[in-house]
Amino acid sequence: EADIYQTPRYLVIGTGKKITLECSQTMGHDKMYWYQQDPGMELHLIHYSYGVNSTEKGDLSSESTVSRIRTEHFPLTLESARPSHTSQYLCASSSRGGFGANVLTFGAGSRLTVL
Amino acid sequence: GQSLEQPSEVTAVEGAIVQINCTYQTSGFYGLSWYQQHDGGAPTFLSYNALDGLEETGRFSSFLSRSDSYGYLLLQELQMKDSASYFCASHSGNTPLVFGKGTRLSVIA
């Protein structure tokens, strides 16, 4: 059973469009993350949040933005999509403390293609 | 800074044992995790080691040596369904998990 949901699963859009990738989790996790991954390649952290109204940029420079208004929701927005944004975007979450803080639960991913 | 090194590809025979190594350079290190990812799927958690030694979970075991900055994932009785990418990841301080580049395991008959 997936407790972290990403929509859309697949999206094909034209250059210059604004898009928002949705991510929601029902586990009450404080920590949430966005990773970008090309097929068969490494995971690149692009944004993370450790709680409501707290967001940080990751290691990979990204033209996307995120918001964390509610604990369970962590959307990622691209203001103007470009072909270089074509990739898979994975959302993940973890709890703040205890053993769960060491375990990331990933959503199924959103595969974005920009033409 | 933080970096992890793991082999890019490993091939093994069905029923055999395979070991995937991971070396790390991580300031403030406190643990090493392993994740499995099948093609087209999302990474899933396999194991976490905070202390030196071997942790066993069914056919999978994970080992950590903090003094050597080294760990490995051991897969026994390999099955075709074990063909996937395996990522080691280091934990440090209150910073997000850092992943290695992944090892693609191919299990052949």
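Refer to the structure presented above.
Residues numbered from 1 in each chain as written. Chains lettered and ligands numbered in written order. Predicted model: local features only at pLDDT ≥ 70, side-chain atom pairs only at ≥ 80, totals over all residues. Heavy atoms only, no water.

Participant: I keep staring at the overall build of chain A and nothing clicks. Help me out?
Facilitator: Broken down by element type, chain A carries 0 helices and 11 strands. Counting helices and strands in the order they occur from the N terminus, chain A gives β-β-β-β-β-β-β-β-β-β-β. Taken against the 2.2 N^0.38 rule, which gives 13 Å for 115 residues, the C-alpha radius of gyration of chain A at 13 Å falls within 12% of a compact globule. C-alpha atoms of chain A, sized along the principal axes, occupy 45 × 30 × 25 Å. Split into buried and exposed, the 115 residues of chain A put 46% on the buried side. Contacts in chain A between residues far apart in sequence, at least 24 positions, make up 54% of those at least 6 positions apart. (Helix = DSSP H or I, 4+ residues; strand = E, 2+ residues; numbered from the N terminus. Rg over C-alpha atoms; globule rule 2.2 N^0.38 Å. Buried < 20%, exposed > 50% of the residue type's maximum accessible area, 1.4 Å probe, protein only. Contact = heavy atoms within 4.5 Å.)

Participant: So what exactly am I meant to see when it comes to the nonpolar core here?
Facilitator: Looking at soluble globular proteins, one finds that nonpolar side chains tend to be buried together. Among the nonpolar cores identified, the biggest contains 21 residues, and B:Leu32, B:Leu75, B:Tyr86 and B:Leu105 are the most heavily contacted of them. When residues of this core are traced back to their parent elements, those giving at least two are strand E2 (9-13), strand E3 (18-26), strand E4 (29-37), strand E7 (60-65), strand E8 (70-75), strand E9 (84-92) and strand E11 (103-108) of chain B. At 4 residues, E3(B) tops the list of elements feeding residues into this core. The residues contacting B:Leu75, other than those within four sequence positions of it, are B:Ala16, B:Ile17, B:Val18, B:Ile20, B:Arg59, B:Phe60, B:Asp82, B:Tyr86 and B:Leu105. Judged by nonpolar contacts, the second largest core, of 17 residues, contains A:Ile13, A:Leu76, A:Ala81 and A:Val114. (Core = buried A, V, L, I, M, F, W, Y, C linked by side-chain atoms within 4.5 Å.)

Participant: Teacher, can you tell me more about the interface of chain B and chain A here?
Facilitator: Think of interface size as the accessible area that goes away when the parts come together; that is how it is often given. Listed by partner, the interface residues are 18 residues for chain B and 19 residues for chain A. Carbon and sulfur atoms supply 59% of the area buried between chain B and chain A, which totals about 1600 Å² over both sides. It is B:Pro43, B:Pro96 and B:Phe99 in chain B that bury the most area against chain A; as a group they hold 30% of the surface buried on that side. Linking chain B with chain A are 0 salt bridges. Run the count over chain B and chain A and you get 4 residue pairs in polar contact (both at pLDDT 80 or more). Here the residues of the side of chain B that touches chain A are counted per class, giving 10 nonpolar, 7 polar and 1 charged. (Buried area = accessible area lost by both parts, 1.4 Å probe. Salt bridge = Lys/Arg side-chain N within 4 Å of Asp/Glu carboxyl O. Polar contact = N/O pair within 3.5 Å; in protein donor to acceptor, adjacent residues only side chain to side chain. Nonpolar A, V, L, I, M, F, W, Y, C, P; charged D, E, K, R; others polar.)

Participant: What should I look at first to understand the state of the cysteines in this one?
Facilitator: Structurally, a disulfide amounts to a covalent bond that connects the sulfur atoms of two cysteines. All names here are of chain B. Evaluation of the coordinates by the stated rule reveals 2 disulfides over all chains. Each sulfur in the disulfide pair Cys22 and Cys88 lies 2.1 Å from the other. Across the S-S bond of Cys22 and Cys88 the torsion is about 75 degrees, and the bridge reads as right-handed. One end of the pair, Cys22, is in strand E3; the other, Cys88, is in strand E9, and 66 residues separate them in sequence. Assigned by exposure class, Cys22 and Cys88 land together as buried. (Disulfide = S-S within 2.5 Å.)

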